[in-house]
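Spelled out from the first residue to the last, the chains are:
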Amino acid sequence: MALNFQPIYILASGGERALEKLNVVTNNLANVNTPGFKKLLLREMSQYLPENKGDSSHLFVFPRFNDTPVINTQGNLIKTDAPFDLAIFGKGFFGIETPNGIKYTRNGHFLRNGEGFLVDSNGNYLLNEQGKRIQITDITKPVNILKDGTVYSGNEPVGKIMIKDFSSVRPDSESYYIPDANAREIPPEYQIKQGYLEQSNVNGIEAMIELINAQRRFEIYGNLMRSLDQMEQKSNEIGRA
């Protein structure tokens, strides 16, 4: 008796989606305490064999990967009173100069390096609206940052922070984001809160439940594949009898 591979394809595809879900949820959980981190969502789609012009007498549907969009909802703000901790309340991203070009982040934990430049925890530079580094050389003057992102050293403005927003972004490394290939730049709507940090928008309890469900889903697909294999073996034994 010939082995029917169609159910195996369906179950294997479902198991692969469950494993992808595990990876996405695990990544969300790992960043639950990362300032400015945005939750990722795994979206799936149904793949129909007729769309692939398959044999009309053997039609089946199986789950396929679609995409992992960034859920760009506002995270809670926590007060730190650190002068270079900045939170974006609203929509937009800080522009950061990295060795691989300009990238964007919601992680507003900044420091002043030895040369007076504002940098993030990776040592990359916070940029102004002109795409230049922001430098504060006089450490004796208080630093005030207005809601629109204008940085003052004492009474002297030293630059306005680059804030940009896009119709869609995708995650890069180290809490950075970059625009999607077909993303449009849109006007940001924001206020800068000095002395605050935005928390991750991942709900730890919900993420744990998602993780448990994804693990159970993966186990179910594995058990079904084993059961199917046993049924096929028994069918073959009956066919040889």
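Preceding this section is the structure that the text describes.
Okay, so let's go over this structure. Predicted, not measured: the structure shown is a model, and the values here were computed from it.

So, on to the overall build of the protein. Secondary structure summary: the protein contains 2 helices and 20 strands in total. Across the 241 residues that make up the protein, the buried fraction comes to 37%. Within the protein, counting contacts between residues at least 6 apart in sequence, those at least 24 apart form 63% of the total. About 13,900 Å² of surface is accessible on the protein, with carbon and sulfur atoms providing 51% of the total.

Within the chain, Asp-81 stands out as a residue other than glycine whose phi angle is a positive 65 degrees. Asp-81 sits in the exposed class, given a relative accessible area of 56%. The backbone phi angle of Glu-174 is positive, close to 55 degrees, even though this residue is not glycine. Within the secondary structure, Glu-174 sits in the loop between strand E16 (169-171) and strand E17 (177-179).

A few words now on the sheet that holds strand E12 (residues 143-145). Across the sheet, which stays open at both edges, the 3 strands sit in the order E12-E13-E14 with antiparallel pairing between neighbours. Edge positions in the sheet fall to E12 and strand E14 (156-160), since each has one partner strand and no second. Taken pair by pair, the neighbouring strands of this sheet meet at an average axis angle of 25 degrees, ignoring direction. Where strand E13 (residues 150-153) lies against E14, 4 bridges are found, and the strand directions are antiparallel. In the sheet register, Tyr-152 faces E14, and the bridge partner there is Pro-157.

Rolling a probe over the atoms, with the probe sized like a water molecule, indicates the empty space that remains. The computed volume of the largest pocket comes to approximately 260 Å³. In terms of lining, the largest pocket is formed by 14 residues, of which the most central are Val-70, Asn-72, Ser-167, Ser-168 and Val-169. Every element with two or more residues in the lining of the largest pocket is listed here: strand E15 (163-166) and E16.

Structurally, Gly-92 is set in the loop between strand E6 (86-91) and strand E7 (93-98). Assessed through its relative accessible area of 0%, Gly-92 is described here as buried. As a C-alpha pair, Gly-92 and Lys-164 span 72 residues in sequence and 5.1 Å in three-dimensional space.

The next point concerns the nonpolar core. By size, the foremost hydrophobic cluster in this structure holds 19 residues, and its most contacted members are Val-70, Phe-93, Tyr-104, Val-169, Tyr-177 and Leu-211. Counting only elements with at least two residues in this core, the list comes to helix H1 (6-30) and helix H2 (204-240). Counting residues per element, this core draws most heavily on H1, at 4 residues. Contact partners of Tyr-104, with chain neighbours within four places excluded, come to Phe-93, Phe-94, Gly-95, Met-162, Lys-164, Phe-166, Ser-175, Tyr-176, Tyr-177 and Pro-179. Listed in part, the 17 residues of the second largest apolar core include Leu-86, Phe-110, Leu-126 and Ile-192.

Examined against the element boundaries, Lys-38 turns out to sit in the loop between H1 and strand E1 (39-40). A polar contact is formed between the side chain of Lys-38 and the side chain of Glu-198, at a distance of 2.6 Å. Ignoring sequence-local partners within four residues, the contact set of Lys-38 consists of Val-70, Ile-71, Asn-72, Thr-73, Gln-74, Gly-75, Arg-106, Tyr-177, Glu-198 and Asn-201.

Moving on: the packing of aromatic side chains. In total, this model carries 4 aromatic pairs according to the counting rule given. Both rings, one in Phe-93 and one in Tyr-177, keep their centres 5.8 Å apart while their planes meet at 50 degrees; by these two values the pair is tilted. Taken as a pair, Phe-93 in strand E7 and Tyr-177 in strand E17 lie far apart in primary sequence, 84 residues in all. Of the two residues, Phe-93 and Tyr-177, neither departs from the other in class, the shared state being buried. A cation over a ring is seen here: Arg-133 above Phe-117, with NZ or CZ 6.0 Å from the ring centre. A cation over an aromatic ring shows up here: Arg-133 above the ring of Tyr-125, its NZ or CZ 3.7 Å from the ring centre.

Conventions used here
- Residues numbered from 1 in each chain as written.
- Predicted model: local features only at pLDDT ≥ 70, side-chain atom pairs only at ≥ 80, totals over all residues.
- Heavy atoms only, no water.
- Helix = DSSP H or I, 4+ residues; strand = E, 2+ residues; numbered from the N terminus.
- Buried < 20%, exposed > 50% of the residue type's maximum accessible area, 1.4 Å probe, protein only.
- Contact = heavy atoms within 4.5 Å.
- Areas by Shrake-Rupley, 256 points an atom, 1.4 Å probe, with all protein chains shown as cover.
- Pairing = 2+ DSSP bridges.
- Axes fitted to C-alpha atoms, helices over the stretch in contact; angles between N-to-C directions.
- 1 Å grid on protein atoms, 1.4 Å probe; cavity = no way out; pocket = protein on both sides within 12 Å on 5 of 7 lines; lining within 4 Å.
- Points joined across faces, edges and corners; volume = space filled by probe spheres on them.
- Core = buried A, V, L, I, M, F, W, Y, C linked by side-chain atoms within 4.5 Å.
- Polar contact = N/O pair within 3.5 Å; in protein donor to acceptor, adjacent residues only side chain to side chain.
- Phe/Tyr/Trp six-rings, centres within 6.5 Å; stacked < 30°, edge-to-face > 60°.
- Lys NZ or Arg CZ within 6 Å of the ring centre and 35° of its normal.

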